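Tertiary structure, described
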Amino acid sequence: MAGNDWINSYLEAILDVGPGLDEKKSSLLLRERGRFSPTRYFVEEVVSGFDETDLHRAWVRAQATRSPQERNTRLENMCWRIWNLARQKKQLEGEQAQRNAKRRLERERGRREAVADMSEDLSEGEKGDAVGDSSAHGDSIRSRLSRINSVDAMEAWANQQKGKKIYIVLISLHGLIRGENMELGRDSDTGGQVKYVVELARALGSMPGVYRVDLFTRQVSAPDVDWSYGEPTEMLTLRDSEDFLDEMGESSGAYIVRIPFGPKDKYIPKELLWPHIPEFVDGALSHIIQMSKSLGEQIGGGKPVWPVAIHGHYADAGDSAALLSGALNVPMLFTGHSLGRDKLEQLLKQGRLSRDEINSTYKIMRRIEAEELSLDSSEIVITSTRQEIEQQWRLYDGFDPILERKLRARIKRNVSCYGRFMPRMAIIPPGMEFHHIIPQDGDVDGEIEGNEDHPTPDPPIWAEIMRFFTNPHKPMILALARPDPKKNITTLVKAFGECRPLRELANLTLIMGNRDGIDEMSSTNASVLLSVLKLIDKYDLYGQVAYPKHHKQSDVPDIYRLAAKTKGVFINPAFIEPFGLTLIEAAAHGLPIVATKNGGPVDIHRVLDNGLLVDPHDQQSIADALLKLVAEKHLWAKCRQNGLKNIHLFSWPEHCKTYLSRIASCKPRHPQWQKNDDGSDTSDTDSPGDSLRDIQDLSLNLKFSLDGEKIGGSGNDNSLDSEGNATDKKSKIENDALAWSKGVVKDTRKAVDQNSSSGKFPSLRRRKQIFVIAVDFDTITSLAEATRKIFEAVEKERTEGSIGFILSTSLAISEIRFFLSSGGFSPSDFDAFICNSGSDLYYSTPNPEDGPFVVDFYYHSHIEYRWGGEGLRKTLVRWASSVTDKKADNKEGIVTAAEQLSTDYCYAFTVKMPGSVPAVKELQKVLRIQALRCRAIYCQNGTRLNVIPVCASRSQALRYLYVRWGVEFGKYGRFCWRMWRHRL
């Protein structure tokens, strides 16, 4: 809509008309439009455009009013409501335009700074800014990888994979997931994603070279769901795997693994799962470690077989996959399915909910942050279409198509990107099962009426559809979509009704879901269906349009077959179609297609070349395309043949081949200590065998008072730390460690291995229970007093050696040394020290000659993924110099680098005025825009800023101890103080 004046002109026309169309009283607008009804347009376009169901009900009441005066009064009240909605929408559009302009300026500034930091001159290949360039973010489906063009090619590829035995982990948390009889549509969480991940796991498990696939989801043992969702493990039946039976083993195949987390005995929606993700991560980590050991015994020669990739599906699983990927140091893949920023913009445009209401209802900001974290951590982001990249992912701070192209060009030239990273976008369309589909050929009339050579009775759905038609032998135009305004069904009916040649040549079939009665449908769907019925009546399409009330999911293939038998056409006229799975299904049954040019159908048409693309807003274009395919039999036959010839490109084997090729292109990563010279086992004879039984007692599932780390919710938790004067006490962390080690531990890697193999290091492996002291007091004295009280409470167990302690803090190791000396503690009182907000890990040594501390450099190799190094440090220094006290006249800087507290994996800054610095999310945004991947944390009462690797945190360090040394989560207890929450 253009504005209020435009609306007012139509509203005045409504009032002029009164109860009916009176040519004498009609306005110029009505005389120009002939039989145009502004009241009908008001309902069909204005009201539905605002998605305001209350207005629709008001219109129904107004329409039922017999008194012209009362009717006009009702319409006038609706006019004011529409006018108010128009103002709201105009305001929202203005706010959206301001946000887009701000985002564009921020991105351009970040891009300029990133390019300036990358001092190499740009090549010609880097200079282009065409966002639509395929080299920028994912190639076309036909290009990047070699495609399977025949059965022989598939067999050749399969032979190349023989001998490989890889392990893949998929994660999909929400909804109800099982292998058979999926309850699709049971609720909003159990939809297409559920079917996709199950079929993906099944298909991958059937591929040569894949030994095992685990699909992780939530275990649900609620009374209102089937018992099968409470089973810990479910084996998926593999299809077409007979040729690889010789590669099968004890634990091979594809499995659904259900991890218990969240409320017991309760099925909850995905919006309520966020606080319980750490619990899932701990349970999944336990399973992966146990499974890796089992696979190692079966196929790995005794060495653990780690997953080659962890693939998260949707934001909640992406958040989980990022934590698991960091804990195990293995590549991560991510598929968004539906993206939060896009949904937020759509909800804001509707104008029915404010931003705060949207966030409260959908937890949208937590979801967006999880998607940003997934971009930070993922090697590859898998999308279905180019539209998803160009119109949805580009809304995120962590992905810039133009900067991605520049970085990709530099990587190809083997030129430094100065610590900047961008995930690869891979377009891999969803797969489908085609083995059961037999395209129909033969005489149409004979097959519809029955053929003696084919005594099999026709499917019942055929009779249900054909009863609508006066001449059932005409080609069928088939549309299969919900009665949703976005699906644009009314425009299709108008196009059909106003094109006489098309009506004479074809019938129209509308499969619009299932319904018992229109009154029982949602108001939006009922409005669309009523509009369709009115259009059928308006154009007198009785006998030419079918709209059955019911059909089963199993009837859908038969519906496609019927349309193909009649030499019909399938159409998807949606305004925007994210992918268009129905187009692939139709092509598999031999149907040419007419589809919207907005979204995924463009990619599908590029591959299949089996139809025509149209502008969904252009009614005449839709009619012309349908008429062209129905009337020109040679074109129809060519499109049918092209679709059947190329449809294998969307099969599950093809999808999995491309998928596995992408995984193979990732740089292999796995726990770095798994080497021949490491004689120690990661488990201990004193350790419980199965930590999954302790899942409900996991300390990591409790809320640690971590420095600004989000544990299951939004906001930033900031705690008090040591005295500020500790910042000038010691030099860099590694120099201190080497000095304290008295030269004995020159190579800390060797020291760790030597001590571990002798059984003396680390001592935490021998503890029955470990207390994690996760605190940050404002003074060293307070920290010492609290620690002393803890020790006194468990003095007996501590003396016996059954209890150990880990100090987890934002303090640097120099500050920890000061704390130990001033508090009268010995380094051996603690088994490990997690320092610098989780970026450094030290152990105490029982032998004084070895020095008090040993740093675990293997942990550094674990967290260094995508660490920006010097390029990040320069950007942070530049940012710190730009943060000033705006109230002061001299604009003095309030954030300064703390060089003496910084390490190779933690850049520390001192904050003079905590109340005046930008929020941590603003700094994170600045860094992501420049393709710098890290974690920013305000700590010590907001007086210090630590910037650490994206894979590092204090909770991740504890998970590392489990993976590295077998310190199981069930051993952990914790002491935690939350002294103060900073506004940041």
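Residues numbered from 1 in each chain as written. Predicted model: local features only at pLDDT ≥ 70, side-chain atom pairs only at ≥ 80, totals over all residues. Heavy atoms only, no water.

**Describing the overall build of the protein chain**
On a plain count of helices and strands, the protein chain comes out with 35 helices and 24 strands. Here the protein chain holds 984 residues, and the buried ones make up 58% of them. In the protein chain, 75% of the contacts between residues at least 6 apart in sequence involve partners at least 24 apart. (Helix = DSSP H or I, 4+ residues; strand = E, 2+ residues; numbered from the N terminus. Buried < 20%, exposed > 50% of the residue type's maximum accessible area, 1.4 Å probe, protein only. Contact = heavy atoms within 4.5 Å.)

**Overview of the nonpolar core**
One broad trend across soluble globular proteins is that nonpolar side chains are buried collectively. Counting 110 residues, the largest nonpolar core has I171, F280, W393, L872, V895, L945 and L961 as its most contacted members. The next biggest cluster of nonpolar side chains, apart from the first, holds 71 residues, and it includes I465, Y547, I604 and W636. (Core = buried A, V, L, I, M, F, W, Y, C linked by side-chain atoms within 4.5 Å.)

**Structural notes on the sheet that holds strand β22 (residues 935–939)**
Strand pairing in a sheet is mediated by backbone hydrogen bonds. Such pairs are either parallel or antiparallel. Spatially, β20-β21-β23-β22 is the arrangement adopted by the four strands of the open sheet, whose pairing is antiparallel. A strand with exactly one partner marks an edge of an open sheet, and here the two such strands are β20 (895–897) and β22. Ignoring which end each strand starts from, the neighbouring axes of this sheet average 25° apart. Sheet topology places strand β21 (residues 907–911) next to strand β23 (residues 944–948); four bridges connect them, and they run antiparallel. Along β23, the bridge assignment pairs T910 with R944. Helix α33 (residues 869–882) contacts β20, β21, β22 and β23 of the sheet and is inclined by roughly 10° relative to β21. Across the face of the sheet, helix α34 (residues 920–929) comes into contact with β22 and β23 while running at roughly 155° to β22. (Pairing = 2+ DSSP bridges. Axes fitted to C-alpha atoms, helices over the stretch in contact; angles between N-to-C directions.)

**Comments concerning the sheet that holds strand β11 (residues 545–546)**
Pairing within the open sheet is parallel, and its six strands lie in the order β11-β10-β9-β12-β13-β14. Each of the sheet's edge strands pairs with one partner strand only, and the pair in question is β11 and β14 (611–614).

**A closer look at the pairing of strand β7 (residues 380–383)**
A regular strand carries its side chains on alternate faces of the sheet. Of the two faces of β7, the one carrying I380 and I382 and the one carrying V381 and T383 are both buried. Bridging between strand β6 (residues 332–335) and β7 involves two bridges; their strand directions are parallel. The residue of β7 that forms the bridge with F334 is V381. Note that β7 and strand β8 (residues 424–427) share four bridges and pair parallel. Note on β8: the bridge partner recorded for T383 is I427.

**Section: the packing of helix α29 (residues 780–793) against helix α31 (residues 813–823)**
Where α29 contacts α31, the axes come no closer than 10 Å and their chain directions differ by 65°. As for the relative orientation of α29 and α31, their crossing is right-handed in sense. Residues I780, L783, A784, T787 and R788 of α29 form the contact with α31, whose own contacting residues are E815, F818, F819, S822 and G823. Taken together, the residues of the contact of α29 with α31 sort by class into five nonpolar, three polar and two charged. (Left-handed = near helix turned anticlockwise from the far one by under 90°. Nonpolar A, V, L, I, M, F, W, Y, C, P; charged D, E, K, R; others polar.)

**Observations regarding the packing of helix α24 (residues 619–631) against helix α25 (residues 633–646)**
For the pair α24 and α25, interaxial distance at closest approach is 5 Å and the crossing angle is 95°. What the angle tells us is that α24 and α25 run roughly perpendicular. Residue-level inspection shows K628, L629, V630 and A631 of α24 in contact with α25, the latter providing K633, L635, W636 and C639. Partitioned by chemical class, the residues of the contact of α24 with α25 number six nonpolar, no polar and two charged. (Parallel < 35°, antiparallel > 145°, perpendicular 65-115°, else oblique.)

**Some remarks on the environment of Y211**
Mapped onto the elements of the fold, Y211 is located in strand β2 (residues 210–218). Along the backbone, Y211 and I168 are 43 residues apart, and their C-alpha atoms lie at a distance of 8.5 Å.

**Points about the pattern of salt bridges**
Within the structure shown, the criterion is met by 32 salt bridges. A salt bridge links E464 to R467; its shortest N-O distance comes to 3.0 Å. The partner of R482 in a salt bridge is D484, and the shortest N-O contact between them spans 3.9 Å. Note on D484: relative accessible area 15%, which makes it buried. Members of the salt-bridge network, linked through shared partners, are E369, D376, R928 and R933. (Salt bridge = Lys/Arg side-chain N within 4 Å of Asp/Glu carboxyl O.)

**Brief notes about the packing of aromatic side chains**
For the structure shown, the criterion picks out 20 aromatic pairs. Ring centres 6.4 Å apart and planes at 80° place the aromatic pair Y842 and F853 in the edge-to-face group. With a gap of eleven residues between them, Y842 in strand β18 (residues 840–844) and F853 in strand β19 (residues 853–855) connect regions that are remote in the sequence. Each member of the pair Y842 and F853 is classed as buried. Clustering of aromatic rings is evident, with ring pairs tying together F771, F791, F805, F819, F825, F830, F833, Y842 and F853. Note that R218 overlies the ring of F261, its terminal NZ or CZ placed 5.9 Å from the centroid. (Phe/Tyr/Trp six-rings, centres within 6.5 Å; stacked < 30°, edge-to-face > 60°. Lys NZ or Arg CZ within 6 Å of the ring centre and 35° of its normal.)

**Details of the side chain of E234**
By the secondary structure assignment, E234 is in strand β3 (residues 233–236). The residues contacting E234, other than those within four sequence positions of it, are R178, G179, E180, A254, Y255, I256 and R258.

**Considering the environment of L932**
In this structure, L932 sits in the loop between α34 and β22. By relative accessible area, which is 1% here, L932 ends up buried. The spacing of L932 and F421 is 511 residues in sequence and 6.5 Å in space, taken between C-alpha atoms. What L932 contacts, discounting residues up to four positions off in sequence, is Y418, G419, R420, L872, T875 and L927.

**Re the confidence of the model for the protein chain**
Looking at the protein chain, pLDDT values average 78 and 73% of them are 70 or higher. Least confident of the elements in the protein chain is helix α27 (residues 733–740), whose mean pLDDT is 38; most confident is strand β5 (residues 309–313), at 97. Note that pLDDT drops below 50 for residues 1–7; the model gives that stretch eleven contacts with residues more than four away or on any other chain. In this model residues 120–150 is a low-confidence stretch, pLDDT under 50, and it forms 78 contacts with partners more than four residues away in sequence or in other chains. (pLDDT = per-residue confidence, 0-100.)

**What about the pairing of β6?**
Side-chain alternation along β6 places M332 and F334 on one buried face and L333 and T335 on a second face that is also buried. Across four bridges, the pairing between β5 and β6 is parallel. Residue pairing across strands places I310 opposite M332, the latter belonging to β6.

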